[in-house]
Amino acid sequence: MAQSEQQQQQHHQPPAKPTQSSNPFNPQMTTSPISVSAPNPSWFSPKRLLVMLCTINMINYVDRGAIASNGVNGSIGICDDSGICSAGSGIQGDFKLSNFQDGVLSSAFMVGLLMASPIFASLAKSHNPFRLIGVGLSVWTFATAGCGSSIDFWTIAICRMLVGVGEASFISLAAPFIDDHAPAPQKTAWLAMFYMCIPTGIAVGYVYGGFVGDNFSWRYAFWGEAFCMLPFAVLAFAMNPLQLKGFAPLIEDFHPVLADSLKIFKILLFSNSFLTAGSDVSNINSCVIVSSDKASRSSPASKSLNQLSRFSKDMKELLRDKVYVVNILGYVSYNFVIGAYSYWGPKAGYSIYRMSNPDLLFGGITIVCGILGTLAGGLILDSVNATINNAFKLLSGATILGAIFCFSAFCVRSLYFFVVLFSMGELLVFATQAPVNYVSLRCVKPSLRPLSMAVSTVSIHIFGDVPSSPLAGILQDHVNNWRVTTLVVTSVLFFASGIWFIGIFISNSDKFNEDGKEEVSTVDRATKKPLFEENTVEGAQDSGEA
């Protein structure tokens, strides 16, 4: 009650006159003479933010499943011995692609993703992260529409690379936003819901691509994806931008006309305050003008060098963090196995157990276990108190149990026992998705989270699933026994569990509430209200719990 009365009294107090203590150039200023932020929209909330980000993630992975579906990917035309040829279908048939070219299309997006992820993470230091997501979604939308309008192999290959560029901003920045706005007791569960969209999206993509490709045209599948993503790209620019924890809001985030007006207003207000106090403002004004001139004269080359220097400094700090490095090494080993399973699993299953429909069987197991396992991992970690140490315990325990079940599955002779054991193994293995990303977000200071997620994404692909498929193929060529090959690949999960087990004994601390003030190249900053009023309350709760 006392706090409420105090707030009412403050509300009815007349605005204070500008004084030297209310210096508008002071970064610690808590009041502003004018309001530059839009009123908090009542229709938006943290839960709606989660729904929006999950939907975007779902559409991303629907695209992955659609391009791999038979209806979109299609097949090349075949001629029999009598000279009768059947027309090809889908992308491969229309463009007469070889199997190699067709394989390039399925992974071309990875080139753009790996190159652009660190760039977007670095740009978050000087540009509003929410706006960067809008830029990425816009690129994704136009690139996907370009896939549907492509005329040959090279145009669609370039568009697929741009799809990866567009996805890079979202992959790097979405998880930190969820971590900022999720309720304190449910942060890992919210991350689990976000990553649950990966297997779900791929499954929906298979069905969507097959239906649209078979009944209309493969081009309509891409146009439909672009149409679904377009509203989110527009919304990212239209709504009041969110700001990540640990990043100072910059004046450049606003409209240029408003930014210039605010600069002039600050100079006038600052001069007026000193004139009222009888002070000499000539030096102050000259200092402001010199600072503004220096900022305006800064060349693109110097800005690029500063950006590169800051990126190098952040990378060194990230790679010196033992907790982060151990977590990523375990994640790379884990993803090595998952990548081999996703590519070679159906073929190995058919060879070992003579499955009638290995694609459907492996796909069904992966979808069901991926959804249930990912959600279960997040809920379990929240229930036992989400800490980095508990996350490592869950990662190590779930992975070693999953490895035992998967290893046993490929040892048995019965198809029935294989399905049961492999399902249990995948359920446990997928339980690591939320905890491993929780560690990546919480073991670094807030301003490093976008780069942390970007480096994680790049690492698990370059050293994990990308080389695992060809290496497993080389092993199979030598041993010519799929049971032996799958057992060797599965044994890498024991290695991943051991790496995460080491993480339990490394000294760690949750750096979510660590001060993350960022240096800014200019002195101009704008005070902005948070989009969600709940953030202030939850932030205070987090600080109290810490």
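Because the structure is a prediction, the values reported are computed rather than measured. (Residues numbered from 1 in each chain as written. Predicted model: local features only at pLDDT ≥ 70, side-chain atom pairs only at ≥ 80, totals over all residues. Heavy atoms only, no water.)

Peer 1: How should the pattern of salt bridges be read in this particular structure?
Peer 2: Pairing between side chains of opposite charge can happen when their charged atoms approach one another. Summed over all chains, the structure comprises 7 salt bridges. When the shortest N-O distance is used, the salt bridge between Lys511 and Asp321 registers 3.6 Å. Within this pair, whereas Lys511 is found in the loop between helix H21 (492–503) and helix H22 (534–545), its partner Asp321 is found in the loop between helix H13 (300–319) and helix H14 (322–353), the two being separated by 190 residues in sequence. On the basis of relative accessibility, which here comes to 23%, the residue Lys511 falls in the partly exposed class. Here Asp321 falls in the buried class, since its relative accessible area comes to 12%. Several salt bridges converge on common partners, so that one network encompasses Asp179, Asp180, Arg442 and Arg449. (Salt bridge = Lys/Arg side-chain N within 4 Å of Asp/Glu carboxyl O. Helix = DSSP H or I, 4+ residues; strand = E, 2+ residues; numbered from the N terminus. Buried < 20%, exposed > 50% of the residue type's maximum accessible area, 1.4 Å probe, protein only.)

Peer 1: What should I look at first to understand the UniProt feature "transmembrane region" (unreviewed entry) in the chain in this one?
Peer 2: The positions UniProt marks with the feature "transmembrane region" (unreviewed entry) are residues 104–123, 130–151, 157–178, 190–208, 323–344, 360–380, 392–410 and 484–507. Its end C-alpha atoms 26 Å apart, residues 190–208 is made of 100% helix and 0% strand. Within the segment residues 484–507, helix and strand shares are 79% and 0% respectively, and the terminal C-alpha atoms sit 39 Å apart. (UniProt positions renumbered as here; feature names shortened; annotations may be inferred.)

Peer 1: Please explain the packing of aromatic side chains as it appears in this structure.
Peer 2: What describes a pair of aromatic rings is the distance from one ring centre to the other and the angle between the planes of the rings. By the definition in use, this model includes 21 aromatic pairs. With centroids separated by 5.2 Å and ring planes inclined at 70°, the aromatic side chains of Phe153 and Trp154 adopt a geometry described as edge-to-face. Relative accessible area serves as the criterion here: at 60%, Trp154 is assigned to the exposed category. Ring geometry for Phe418 against Phe422: centres 5.3 Å apart, planes inclined by 10°, an arrangement best described as stacked. Pair noted here: Phe418 and Phe422 are both in helix H17 (residues 415–430), with a separation of 4 residues, about one helical turn. By the burial criterion, Phe418 is buried, and Phe422 matches it. An aromatic cluster is defined as three or more aromatic residues linked by ring pairs; in this entry it consists of Tyr341, Tyr353, Phe410, Phe418 and Phe422. (Phe/Tyr/Trp six-rings, centres within 6.5 Å; stacked < 30°, edge-to-face > 60°.)

Peer 1: Help me out: how do you make sense of unusual backbone geometry in this one?
Peer 2: Excluding glycine, residues mostly have negative phi values, and the peptide bonds linking residues are mostly trans. Within the chain, Lys96 stands out as a residue other than glycine whose phi angle is a positive 50°. Locating Lys96 in the fold gives a position in the loop between helix H4 (90–95) and helix H5 (99–107). Although it is not a glycine, Asn480 adopts a positive phi angle of roughly 55°. Its place among the elements puts Asn480 in the loop between helix H19 (449–479) and helix H20 (482–490). Overall, Asn480 belongs to the exposed group, its relative accessible area being 64%.

Peer 1: Is there a simple way to explain the packing of H14 against helix H16 (residues 388–409) in this structure?
Peer 2: Two measures define how a pair of helices packs: the angle their axes make with one another and the distance between the axes. Where H14 contacts H16, the axes come no closer than 13 Å and their chain directions differ by 20°. As far as their axial angle goes, H16 and H14 are roughly parallel. Remark: the crossing between H14 and H16 carries left-handed chirality. Contact residues: H14 offers Val323, Val326, Asn327, Tyr341 and Tyr353, while H16 offers Ile388, Phe392, Leu395, Cys406 and Ala409. Of the residues assigned to the contact of H14 with H16, the class counts are 9 nonpolar, 1 polar and no charged. (Axes fitted to C-alpha atoms, helices over the stretch in contact; angles between N-to-C directions. Parallel < 35°, antiparallel > 145°, perpendicular 65-115°, else oblique. Left-handed = near helix turned anticlockwise from the far one by under 90°. Contact = heavy atoms within 4.5 Å. Nonpolar A, V, L, I, M, F, W, Y, C, P; charged D, E, K, R; others polar.)

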